[in-house]
Every structure is written in C-alpha cells, then in structure tokens.
Amino acid sequence: MADPEFLVSPAPTGRLGAGDVEQLEAQTRALRAVDYRSGGGMCRDAVLVRIHRGREMLGMPAGEPVRARLFAAVSDLYNLAGWTCFDSGHVWAAHHHLDLAQELAAEAGHDDLTANIHYRRGRIRLHYGAPDAALAQFQLGQLAAQRSGSPLAAAILCANQAWAYGKKGDAALATGLLGRAEEEFADADVAAPPDWARFFTRTDVAAMIGTVYTELALAAGGGSYAAVAIDALTEAVDGYGPDMTRSRTLCLIMLATNHLLAGDTDRGAAIGIEAIEAAETLKSVRTKDRVRPLEREADRRRDNRECQALADYIAAFVTSPGHL
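A. Up close: the nonpolar core. Among the nonpolar cores identified, the biggest contains 102 residues, and L70, F200, C251, V291 and L294 are the most heavily contacted of them. Take this core: its biggest share by element is 13 residues, from helix 3 (residues 64-87). Discounting chain neighbours no more than four positions away, the residues touching V291 are I253, I276, I314, F317 and V318.

And the structure:
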C-alpha cells in the first residue's frame, strides 16, 4: 500500500486558491525529504507524476499572487525532478527538467530559486568532471543570489565554487571562497529557509569544508589538507541524522579516503566499510561514482588486509546491478 504522503490528490477544479498551491508545495517537500533520506531513485517516479499535475494547474485560472506562487512551486518541482534524475543516473532528463525549472523561475521573477537551479546545474557538471563548466553555472547562480539578497543562497554558491576550484587544485581560490561561504552563512536567516535550501545547515557547511579539503588532499597526496578534511568531515558525520542519510554516507566515503591518505589505514578501512554498508541502503547511483577515490586509495594499499577487504567490497558494490 502506498504511503499516504505520496498519494496524488484529486485535481483541483475551478479557480485555483492558495491552498491548492500549498498542497503542491507540501508534496514537493515530502518527496525532497525522501530524496535526502533514501536517494533519488526512491522518489523520482512520484516526482514526475506530480509534474504532470503541476502543469495542469498552470493552465487553470488563478489570481496574480496565487499564480506567481504557483510558478515558483512548479519550478521547484522541476528542480527536484532534475536532482532526483541526476541522483538516479538519468542525466539527460536531469538537464531537461532543470531547463524547465529555470524558465518557470524566471517567469516567476524568483531569483533565489534561480540561484538554486544554477547550483544544481553546476553540481551535475562538477560530478562529471567539468569544473570549468560547473564554475560558469555557479557564477550565474551567484549573480542570482546577489539579486535575491539571500546570504544563504550566496553561501551555497560560494561553497560550491570552492569545490570546483578544489578539483582544479587551486588551493588559494578554494580556501578563499570557503571563507566567504562561512561569512555569508553567518549572515543567513537559517530559521526559515526556502525548502530548496533547507539542507544547507551548519552541518552541511562542515561537509563542504571537508569536501573541498578532500579534493586538495587527493591532489597533494594527503598532508595537512587531509587533517583538516578529517576534522570537518567528522563534524559533518556526527551532525547528520537519519533524515540526511545520503549526505552522511558521502561524507563517510570522503572521511575514509582521508584517513587512508593520512596513513591511518585501519581507521580508514573501518570507516570505508561503514560507508559502503550505508550506501547499499540508498537508491543513488552517485554513491558508486563518489566512492571511486576511496577504491583507488584502498587498492594501492592491498598489502594491508583490511584495505584489501575494503577494495574488494567496493568493487562488488559498484558492479552490483541491484543498487537502484
């Protein structure tokens, strides 16, 4: 039997009211929570069903305030669809949905949401090894964040630009942007964030610091970068609850990698096993891609029995057909 929160409500009839849009927003919020907890593959189909309903609602009569809110709500639904498609390996569909999300956000005049969509477009490019293309999206998002006057949106975009520069091995720009992200976050109203930015908490700031320093540690072969990454990622892992299982799992993967880079093979292998066990519970193909650096570091240390076991476990995990 379907969970009641995922049941599609009857289509509204007549003139749309604020309550109709609130219901759509609530459904998007519930599905986004599933994405964070269990991965995009767990809720992508349900999101796509609601997009059809949202498109129907766009064609119905409504007052101007309701219509503006509806455009933003449907834009964010497409935004979520793009993210869940990305997380479940449907990259072309992810780009398509984010294109439509951006068009609707522009029609709604919603710069905060536009900034978030550019962030997600950049993340796809970053994931597939195109940091310069990712930076172009993050910088467009930064401009939208500035127009919106949202320090939280600005913090997200600064942190992700730092990640892109970390991938490029530019430590000065990466760390400088991390500092700016922390400053913007300190100025943000985190008590009532928009749903699409609700994930970016103090814990996520720590995760981003750990992520950027992980990139720098991988480029440098460890050193002081790995030590900073370990501290930040430990804070993030401890801060994430079961509602953010995917984020916690990705941090565990990086934490294990940094322990190996720092020479603590036993600790790194133990955390790596924990990370893969957590990843196996998710409907997210991204975990298979993000575990590759850990697999390489474990493979290089096959003379250690625990690292050999971890490398074999990862190899089985990434080739498993039943993950999604």
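Picking up where we left off.
B. A look at the environment of V47. Tracing the backbone through its elements, the reader meets V47 in helix 2 (residues 44-58). Classification of V47 by relative accessible area gives buried; the value is 0%. Contacts of V47, omitting those with residues within four sequence positions, involve L31, L77, L80 and A81.

C. A look at helix 2. An ideal rise of 1.5 Å per residue puts 21 Å on 15 residues; helix 2 measures up with 21 Å between its terminal C-alpha atoms. Those residues of helix 2 that fall on the buried side of the exposure criterion are R44, V47, R50, I51, R53, G54, M57 and L58. Contacts made by the buried residues of helix 2 are with helix 1 (18-38), helix 3 and helix 4 (91-108).

D. Empty space enclosed by the protein, seen in detail. Summed over the entire model, instances satisfying the criterion amount to four cavities of 30 Å³ or more. In this structure, the largest cavity occupies an estimated 290 Å³ of space. As for the largest cavity, its lining consists of 23 residues, of which Y119, R123, D204, S247 and L250 are closest to the centre. Secondary structure elements with two or more residues in the lining of the largest cavity: helix 5 (111-127), helix 7 (151-167), helix 9 (202-220), helix 11 (245-261) and helix 13 (286-290). Counting residues per element, the lining of the largest cavity draws most heavily on helix 11, at five residues.

Calculation notes
Residues numbered from 1 in each chain as written. Predicted model: local features only at pLDDT ≥ 70, side-chain atom pairs only at ≥ 80, totals over all residues. Heavy atoms only, no water. Core = buried A, V, L, I, M, F, W, Y, C linked by side-chain atoms within 4.5 Å. Buried < 20%, exposed > 50% of the residue type's maximum accessible area, 1.4 Å probe, protein only. Helix = DSSP H or I, 4+ residues; strand = E, 2+ residues; numbered from the N terminus. Contact = heavy atoms within 4.5 Å. Expected span 1.5 Å × (residues − 1). 1 Å grid on protein atoms, 1.4 Å probe; cavity = no way out; pocket = protein on both sides within 12 Å on 5 of 7 lines; lining within 4 Å. Points joined across faces, edges and corners; volume = space filled by probe spheres on them.

Geometric descriptors of this kind do not, in isolation, establish any biological role.
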